[in-house]
Amino acid sequence: QADLAVYQAKDSGRNTVRFFDRDMQAKVAARATLTEDLREAVSAEQFMIYYQAQVQEDGCVTGVEALVRWRHPQRGVVSPAEFIPLAEETGLIVPLGQWVLQTACVQLADWAAVSETAHLSIAVNVSARQFAQHHFVDEVLTVLESSGANPQRLKLELTESLLIMNVDEVIEKMSALKARGVCFSLDDFGTGYSSLSYLKRLPLDQLKIDQSFVRDVLSDPNDAAIAKTIIALGKSLGLGVIAEGVETSAQRDFLASCGCHAYQGYLYGRPMPIQEFKSFHITD
Ligand code: C2E
Ligand code: MG
Ligand code: MG
Ligand code: MG
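Everything quoted here is computed from the prediction, not taken from an experiment.

Visitor: I'd like to hear about the coordination of the magnesium ion (ligand 3), residue by residue, with values.
Guide: In this structure, Asp 187 (OD), Asp 188 (OD) and Glu 244 (OE) serve as the protein donors to the magnesium ion (ligand 3), at separations of 2.0 to 2.5 Å. Taken in sequence order, the residues that donate to the magnesium ion (ligand 3) follow the motif D-D-x55-E. Taking the relative accessible area as the measure of exposure, Asp 188 reaches 25% and is therefore partly exposed.

Visitor: Before we move on, can you summarise the coordination of the magnesium ion (ligand 2) with the specific residues and values?
Guide: Coordination sphere of the magnesium ion (ligand 2), protein contribution only: Glu 65 (OE), Asn 125 (OD1), Glu 157 (OE) and Asp 187 (OD), at 2.0 to 2.2 Å. Mapping the donors of the magnesium ion (ligand 2) onto the primary sequence yields the spacing E-x59-N-x31-E-x29-D. In this structure, the magnesium ion (ligand 2) lies 3.7 Å from the magnesium ion (ligand 3), and both are coordinated by Asp 187. Taken together, the residues span a long stretch of sequence, with Asn 125 in strand S4 (residues 121-125) and Asp 187 in strand S6 (residues 183-189) at a distance of 62 residues. By relative accessible area, Asp 187 is classed as buried at 6%.

Visitor: Break down the layout of surface pockets for me, citing the residues and quoting the values.
Guide: One number sums up the size of the largest pocket: a volume of about 1000 Å³. Taken together, 39 residues line the largest pocket, and the ones lying closest to its centre are Glu 65, Leu 67, Pro 80, Asn 125 and Asp 187. Contributing elements (two or more residues each) for the lining of the largest pocket: strand S2 (61-72), helix H3 (80-90), helix H4 (93-112), S4, helix H5 (128-131), S6 and helix H9 (211-214). Residues belonging to the lining of the largest pocket are distributed by class as follows: 16 nonpolar, twelve polar and eleven charged.

Reading the values: rules and limits
Residues numbered from 1 in each chain as written. Chains lettered and ligands numbered in written order. Predicted model: local features only at pLDDT ≥ 70, side-chain atom pairs only at ≥ 80, totals over all residues. Heavy atoms only, no water. Donors = N, O, S within 2.8 Å, 3.2 Å for Na, K, Ca; no water. Buried < 20%, exposed > 50% of the residue type's maximum accessible area, 1.4 Å probe, protein only. Helix = DSSP H or I, 4+ residues; strand = E, 2+ residues; numbered from the N terminus. 1 Å grid on protein atoms, 1.4 Å probe; cavity = no way out; pocket = protein on both sides within 12 Å on 5 of 7 lines; lining within 4 Å. Points joined across faces, edges and corners; volume = space filled by probe spheres on them. Nonpolar A, V, L, I, M, F, W, Y, C, P; charged D, E, K, R; others polar.

Dropping the structure here:
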């Protein structure tokens, strides 16, 4: 059909314009619908959190990452790759992120009440736009207080896109939360534009090796070199390093031999609803 359209386009400029107009119009309409649905979803709380294990070298689960899912009434489960970018553009990421944080902190407080789960931490993704909100620090502290969650069990995952903000402001906000015990991990590390001079100034606890470097770490020497460099960098900056997207024990063994001792990926479990996570990882 596209070929036909191009053919017609060559024949008559007017057809071209109409074809692409209609195509564009459909895309804009679909986007508008999805935006409306997303707005509705935020107020109707159509979201749920899937939890994915984070483990140390002996296989013990030290915590989880909270990954949001949208249960769309017609479309079923929509993946974050589809709606997070839209949520960012429309600003809906702010109330959505707040809901994720709140839900995760309630979960943390639940776990703290049971000795078998009291040691678990939860990593929550925070978008740059959410972090940039004036009241971000206060909101996190309020959620921690109202939920009764231990701040030391909360890890906020930031990305390098944060550094488009004023760096002093970023440091100030992070430091305020760190003073209360909250930890910070730099997500998708190596894929952004952060300069090393900024990196050394941020009060981070952990670097998270992006899965794009982990995927072919055994077959692509460049990926192996990057993974090794990130691990060495973390070590010399006094930061922990966790690898995401670990799917095979061979990948895990290679990363371990480079000095990375924390992992997350399908090798240990997919992101899953809380009930499944409980029976999968917390039964003894
Ligand atoms: P991320 O924070 O880098 O999360 C890791 C992604 O990798 C998740 O995708 C996870 O399901 C996937 N993953 C984990 N292990 C493996 C593996 O072994 N192999 C492969 N191929 N993939 C693996 P997911 O859940 O689709 O989330 C995608 C992104 O959406 C996240 O990337 C994060 O940037 C964003 N996101 C998810 N939840 C939230 C949220 O609550 N707030 C914000 N701001 N962003 C979120
Ligand atoms: Mg993450
Ligand atoms: Mg990540
Ligand atoms: Mg990633």
